[in-house]
Amino acid sequence: MGNSSLSPSIRVISSNEFSDVLVKLRRDYQNQYYAMYSSLWNGIVTDPVLMLVPVDDHMVHRGDGVFEAFKCVNGNLYNVHRHLKRLEYSASQVCIDLPFSLDEILHIVKETIKAGSRRDCLVRLFVSRGPGGFTTDPYECPSSQLYVVITSLTYPPREKYEKGVRAKLSKVPVKPSFFANIKSCNYLPNVLMKKEAVDSGVDFVICQDENGFLGESTTENFGMVSEENVLKFPRFDRILRGTTVVRASELAEELVKRGLIERIEFSNITLDEAMKAKEMMMFGTTFDVLPIVEFNNTVIGNGKPGKVFKELYRLILKDVSGNAEFLEPVF
Ligand SMILES: Cc1ncc(COP(=O)(O)O)c(C=O)c1O
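We now turn to the structure provided with this report. All values reported here derive from a predicted model rather than from experimental measurement. Numbering of residues starts from 1 in every chain and runs along the sequence as written. Note on the predicted model: pLDDT of at least 70 is required for a residue's local features to be given, and 80 or more for side-chain atom pairs to be given and counted; whole-chain, interface and lining totals, by contrast, use all residues. With hydrogens and water set aside, each side-chain value is computed from the structure's full complement of heavy atoms.

1. What to know about the overall build of the chain
Check the secondary structure of the chain and you find eleven helices and 15 strands. For this measure, only C-alpha atoms enter the radius of gyration; the expected value for a globule follows 2.2 Å times N^0.38, where N is the number of residues. At 22 Å, the chain has a C-alpha radius of gyration in line with the 20 Å of a compact globule built from 331 residues. Its C-alpha atoms put the chain at 70 × 55 × 40 Å along the principal axes. Whether two residues touch is decided by their heavy atoms; if any such pair falls within 4.5 Å, the residues are in contact. In the chain, the proportion of contacts linking residues at least 24 apart, taken out of those at least 6 apart, comes to 70%. Computed by Shrake-Rupley with a 1.4 Å probe, the accessible areas treat only the displayed protein chains as cover when residues are assessed. Summing over all exposed atoms, the chain offers an accessible surface of approximately 16,500 Å²; the carbon and sulfur share of this is 53%. Strands are runs of DSSP state E lasting at least 2 residues, helices are runs of H or I lasting at least 4, and numbering of each runs from the N terminus.

Here it is as structure tokens:
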């Protein structure tokens, strides 16, 4: 066809005209975006159309960055110190120097939340390799950057907790340990897993490694109650060390004491074993815990949210709303 089909009149936009262009990009879904901090500006914006990252930041064109997501509930950050420790770990694994200390990052997060003026919100925090050019070479970038985005905190509908969710096995190849353990901005396998779930009409898909062991979901961990009444989670080998599942395993000690479960175990879980589970569950920061009542079109347990799920959910909710040790006040 040649160039003749191209429009001759794509305009060149000057700096002065740019804000008019941005304003026209306002969309309703952006009402859920409350505030953004960028270390490039060393400031905070609350207008969603200004929440921008430069295209030459290697996080944009190479996925060269790490991130975290945690929640603020009724004015308190939940479990934030473990999220920040994981951020530090992820950054160290990919050799990105954090642009600030963890204390400074926490201060920036709190200021950004305050600018967004919501006591309940979700914090997404990105540490990027930084702007510097368009190759893969990380040495192109003079300094790493921090972006903090505050959005609405949205829970799944009540019915998902009361009636349960559906899941199936994923066909997306599982990440090697090194990459699975890092919360990097290189999440293409996770994106494909989410697409798989949406396309097949289930709530979650769960990956399986080459040895047949179950792993995790898109951005959630998996757990189950075995026939022998053992609360089992996959080992943190080919999956991310989820803060929610770790906290749930600590809280579950109470259930062992009360005799509701025999013990808690991090071990290899095969599909066969999982299909015979009394209960299956998903764990993640935003929703805490959800009961899986159907896996690969087969009913799990009695097809209803089980008692271990109910007790774990109660314990996590109590932790999120009232355990000072895990709460960091913002306001
Ligand atoms: C791949 C992956 N697995 C598991 C989780 C659950 O981790 P957390 O409980 O810390 O949210 C996440 C979190 O987003 C994730 O990205």
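2. Here we look at the pattern of salt bridges
A side-chain nitrogen of Lys or Arg and a carboxyl oxygen of Asp or Glu constitute a salt bridge if their distance falls within 4 Å. All chains considered together, the criterion is met by 23 salt bridges. In this structure, Glu111 and Lys114 form a salt bridge, with 3.2 Å as the shortest nitrogen-oxygen distance. With Glu111 and Lys114 both in helix α4 (residues 102–116) and three residues apart, this pair spans about one turn of that helix. Between buried and exposed lies partly exposed: a residue is buried under 20% and exposed over 50% of the maximum accessible area for its type, with that area taken using a 1.4 Å probe on protein chains only. We classify Lys114 as partly exposed; its relative accessible area is 36%. Notably, a salt bridge pairs Glu265 with Lys232, separated by 3.6 Å at the nearest N-O pair. One end of the pair, Glu265, is in strand β11 (residues 263–266); the other, Lys232, is in strand β10 (residues 230–233), and 33 residues separate them in sequence. Judged on exposure class, the residue Glu265 and its partner Lys232 are both buried.

3. Structural notes on the nonpolar core
For the purposes of this section, nonpolar cores are sets of buried Ala, Val, Leu, Ile, Met, Phe, Trp, Tyr and Cys residues that join through side-chain atoms within 4.5 Å. Grouped together as the largest cluster of nonpolar side chains are 48 residues, with contacts concentrated most on Phe222, Leu231, Met280, Met281 and Val308. If you list the elements that add at least two residues to this core, you get β7 (165–169), β8 (204–206), β9 (221–225), β10, α8 (243–251), β12 (279–284), β13 (288–295) and α11 (307–322). For this core, the leading source of residues is α11, giving seven residues. Once residues within four sequence positions are removed from consideration, Met280 is found in contact with Phe222, Gly223, Met224, Ala274, Met275, Leu290, Pro291, Ile292, Phe295 and Ile300. Membership of the second largest hydrophobic core comes to 27 residues, among which are Tyr34, Phe70, Val80 and Ile108.

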